[in-house]
Amino acid sequence: MLEGSEYTFDRLLELAHEKSDYSQTEIIQFTAEILMSTVAPRNSEDENQDQEQLLRERDLACEILLQLLKEAQTSLRAMVAKKFAQNMNVPKALISFLAEDSSFEVAQPILIQSGLLEDRDLLRIIETQNRLRALAIATRAGLGDRVSLALVELKDESVSLTLAQNRKSDLGVPVLEALATQAMDFESLQKPLTLRAEMPATLAATLYWWVGQELRADILERFDISPALLDDTLQVAMQKLVDHHNDPRALTKTQENYADQLYKSGSLKPELLIYVLRQGQVALFMHFFARLSGFPINTVQSILTQDGVEAFTIICRSLKVMKPEFATLFLLSRAARSGDHTVDPSELGKVMSLFDRIGEEQAQKICNGWHKDLDNLYRLIQRKNWEA
């Protein structure tokens, strides 16, 4: 008999056979009390016998409670889960059972609070259960990197956001790097990541390149980031963006947003255009060029795919692209021409001659005219032969 209890185990067994809601509730409450109690060490032989008896009672109570919970109403299972959530004396079997209960109302307090759940338990639940369970786990204190990475790998914005906002768990660098990569797709992650105390400056500098102006200011204020570090991480950020998407001819929303952020910040330079072309990212290059030139993306596509070399040269001149950079851009841009990546030496000579002959101011005036009337630009693009 549990000390201080009005029940004997004989009475407990009687109640178990009654099958009424009242008896079920009584048994559940009683067995829960037994299982939440601490089994203290004993010194004397009599005390040791008492302890063994108590352990047997706990084993029986656990078995009875497990059987009852399988048939109990959700409200009763939820009551037990709340009682057990922060108790370290409860048998692990019961915690595991409740953590995978069919009702999220029951499982939630266990998933959030129980210290008896180990990493392997949490990983199994993340792998086999629904996103609500993952959301609950993402709020736990003291999450390890293995569990945190498993949560990030779900690629669920709500789960990743909950983890990024969880101040009860320190996130390791691998977790922060994975979240920063997702921040290219999930804008909601960007600010919480910049507020993480454990965020390294190098990763914050990479994140800087795909957040908005307000967050950029916050990053520069919160982290010790030198101009040199920003320059170093620009290519890292670009490479992450390239690696993140596999189709070089399909522009993703993330890439489009990134290009817009670079343009607004004044960081969209010719060397970036060269870099993305060397990476084979034709669609991203076209969007960069469209943002810099102010021409619609479909116009840029026509320039690059329909031999609009005159227009390309004039636009680059208007953008103050230097001659060595222009030559590289022109040669690499031929990759945009399906099935023909070669350049006729005479064509290159004519292009460079035009670049030398036309001044920046004249090129800008021509481009201003094209902005007012795109038909003039299209007529130039469609012309088959031209002379420098």
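Described below are features of the structure shown in this document.

How each quantity is defined
- Counting restarts for each chain, with residues numbered from 1 along the sequence as it is written.
- This being a predicted model, a pLDDT of at least 70 is required before a residue's local features are given, and a value of 80 or more before pairs of side-chain atoms are given or counted; all residues contribute to the totals for chains, interfaces and linings.
- Note: side-chain values were computed over all heavy atoms of the structure, leaving out hydrogens and water.
- In this text, helices come from DSSP runs of H or I with a minimum length of four residues, and strands from runs of E with a minimum of two, each type numbered from the N-terminal end.
- Each residue's exposure class comes from its accessible area (1.4 Å probe, protein chains only) as a fraction of the maximum for that residue type: buried when under 20%, exposed when over 50%, partly exposed otherwise.
- In the sections that follow, a salt bridge refers to a side-chain nitrogen of Lys or Arg positioned within 4 Å of a carboxyl oxygen of Asp or Glu.
- Among the buried residues, those of types Ala, Val, Leu, Ile, Met, Phe, Trp, Tyr and Cys that are joined through side-chain atoms within 4.5 Å form a nonpolar core.
- Residues count as neighbours in contact if any of their non-hydrogen atoms are within 4.5 Å of one another.
- Any pair of nitrogen or oxygen atoms within 3.5 Å is treated as a polar contact; in protein, a donor-acceptor pairing is required on top of that, and neighbouring residues in sequence qualify only through side-chain atoms on both sides.

It is worth spelling out unusual backbone geometry at this point. Of note, K155 is a non-glycine position whose phi angle comes to about 55°, a positive value. Mapped onto the secondary structure, K155 falls in the loop between helix 9 (145-152) and helix 10 (157-164). The phi torsion at K320 lies on the positive side, around 65°, for a residue other than glycine. For K320, the position within the fold is in the loop between helix 20 (309-318) and helix 21 (323-333). We classify K320 as exposed; its relative accessible area is 52%.

Overall, the coordinates contain 11 salt bridges when judged by the stated rule. The salt bridge partner of E361 is K365, with a shortest N-O separation of 3.9 Å. Here E361 pairs with K365, and both are found in helix 23 (residues 360-372), just four residues apart, close to one helical turn. Residue K365 is classed as exposed on the basis of its relative accessible area, which comes to 57%.

Here we come to the nonpolar core. Within the largest apolar cluster, 119 residues are counted, with the highest numbers of intra-cluster contacts made by F84, L151, L193 and F312. Non-local contacts of L151, meaning those with residues more than four positions away in its chain, are made with I126, A134, I137, A138, L143, V159 and L163.

Considering the arrangement of structural elements, one finds R77 in helix 4 (residues 74-84). The class for R77 is buried, based on a relative accessible area of 9%. Engagement of the side chain of R77 in a polar contact is seen with the side chain of D101, the distance being 2.7 Å. Residues within four places of R77 in sequence aside, it is in contact with L69, A72, L98, D101, S102, S103 and V106.

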